[in-house]
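Architecture at a glance
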Amino acid sequence: MPFPTPDLRIDRDAVLWSASERDRAGRPLLILLHGYASDEADLFGIAAYLPLEPVIASLRAPIPEGSGFAWFSRFTNVAGDPLAGNADAAARAVLEWLDEQPRVPTGLLGFSQGGAMALQLLRLAPERFDYAVQLSGFVVKGSQPGDAELAESRVPVFWGRGTLDDTIPTASLDRTTEWLPGHASLDARIYEGMGHAISPLELGDISSFIRGNLPR
């Protein structure tokens, strides 16, 4: 039976923060979005390799699945090709959570499904985000209300992937390769010998990209 997607909600108690509420005031925000069947602790481990200025908030995806959680369920989607409505439902849950936070410069960093979510969030609310890091992910099919604005504003996007990554279908990668240059100020990196993962070299490039897009 397909997993229902309406009214998804981020678990506020599950969010991992890199700073106490008192120490977050006035600092930029970086939202981490984990991959399929993982959880909020997965990407939180890379926080030590990222710039210190942003407060990091690692979110848990809203759909329990496998040994962890998913942004959109494998029972209602083909890998790499989620239904746009399912991706929208998860993105709206993130935006609802974000509306509760102080308005500060905000970036996104997502891996795999989380990378698709980072781009979907840009497409739904391009005015809310200053940059996005999309790792080993893809762009969801179809058009979105924010696509035209993104084509004008060219929000900075880092797209990293490995030459040995066979997790995301070729058609989804081709779609992303075609879409991103027309909708972002793109920094695309391909890492030799890397699979569906994040390498130390890539972490260094991510850190430089984020630092270059923080408020001066």
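Described below are features of the structure shown in this document.

Conventions and cut-offs
- Residues numbered from 1 in each chain as written.
- Predicted model: local features only at pLDDT ≥ 70, side-chain atom pairs only at ≥ 80, totals over all residues.
- Heavy atoms only, no water.
- Helix = DSSP H or I, 4+ residues; strand = E, 2+ residues; numbered from the N terminus.
- Rg over C-alpha atoms; globule rule 2.2 N^0.38 Å.
- Buried < 20%, exposed > 50% of the residue type's maximum accessible area, 1.4 Å probe, protein only.
- Contact = heavy atoms within 4.5 Å.
- Areas by Shrake-Rupley, 256 points an atom, 1.4 Å probe, with all protein chains shown as cover.
- Pairing = 2+ DSSP bridges.
- Expected span 1.5 Å × (residues − 1).
- Axes fitted to C-alpha atoms, helices over the stretch in contact; angles between N-to-C directions.

Further remarks concern the overall build of the protein. Assigned secondary structure in the protein consists of six helices and nine strands. For a compact globule of 216 residues, the expected C-alpha radius of gyration is about 17 Å, and the protein comes in at 16 Å, within 12% of that figure. If you line up the protein on its principal axes, its C-alpha atoms span 45 × 35 × 35 Å. Within the protein, buried positions represent 55% of all 216 residues. Considering only residue pairs separated by 6 or more positions, the protein has 78% of its internal contacts joining residues 24 or more positions apart. Here the protein displays about 9700 Å² of accessible surface, and carbon together with sulfur accounts for 53% of that area.

Attention shifts here to the pairing of strand β2 (residues 29-33). Taking burial as the measure, the five residues of β2 include five buried ones, the bulk of the element. Residues of β2 alternate between two faces, with L29, I31 and L33 on one and L30 and L32 on the opposite face, all of them buried. Relative to strand β3 (residues 55-59), β2 runs parallel, the two sharing five bridges. Of the residues in β3, the one forming a bridge with I31 is A57. In the sheet, β2 pairs with strand β6 (residues 106-111) via five bridges, with the strands oriented parallel.

The next thing to look at is helix α2 (residues 84-99). In an α-helix there are 3.6 residues to a turn, and that puts residues three or four apart on one side. Here α2 is 16 residues long and its end C-alpha atoms lie 22 Å apart, about the 22 Å a rise of 1.5 Å per residue gives. Here the buried face of α2 lies against β1 (16-17), β2, β3, β6 and α3 (113-124).

With that out of the way, let us pick up the sheet that holds strand β9 (residues 185-191). Taken in spatial order, the seven strands of this open sheet run β1-β3-β2-β6-β7-β8-β9, and their pairing is mixed. This sheet does not close on itself; its edge strands, each paired only once, are β1 and β9. Pairing of β1 with β3 involves two bridges; the strand directions are antiparallel. Considered in β3, the bridge of W17 is made with A57. Lying over the sheet, α2 contacts β1, β2, β3 and β6, oriented at roughly 150 degrees with respect to β2. Each of β7 (131-135), β8 (156-162) and β9 is contacted by helix α5 (residues 170-183), which is oriented at about 155 degrees to β8, the strand it contacts most.

In the Ramachandran plot, A37 falls in the positive-phi region, its phi being about 60 degrees despite a non-glycine side chain. Residue placement: A37 occurs in the loop between β2 and α1 (40-44). Judged by its relative accessible area of 22%, A37 falls in the partly exposed class. Of note in this structure, R154 is not a glycine but carries a positive phi near 50 degrees. Mapped onto the fold, R154 is located in the loop between α4 (147-153) and β8.

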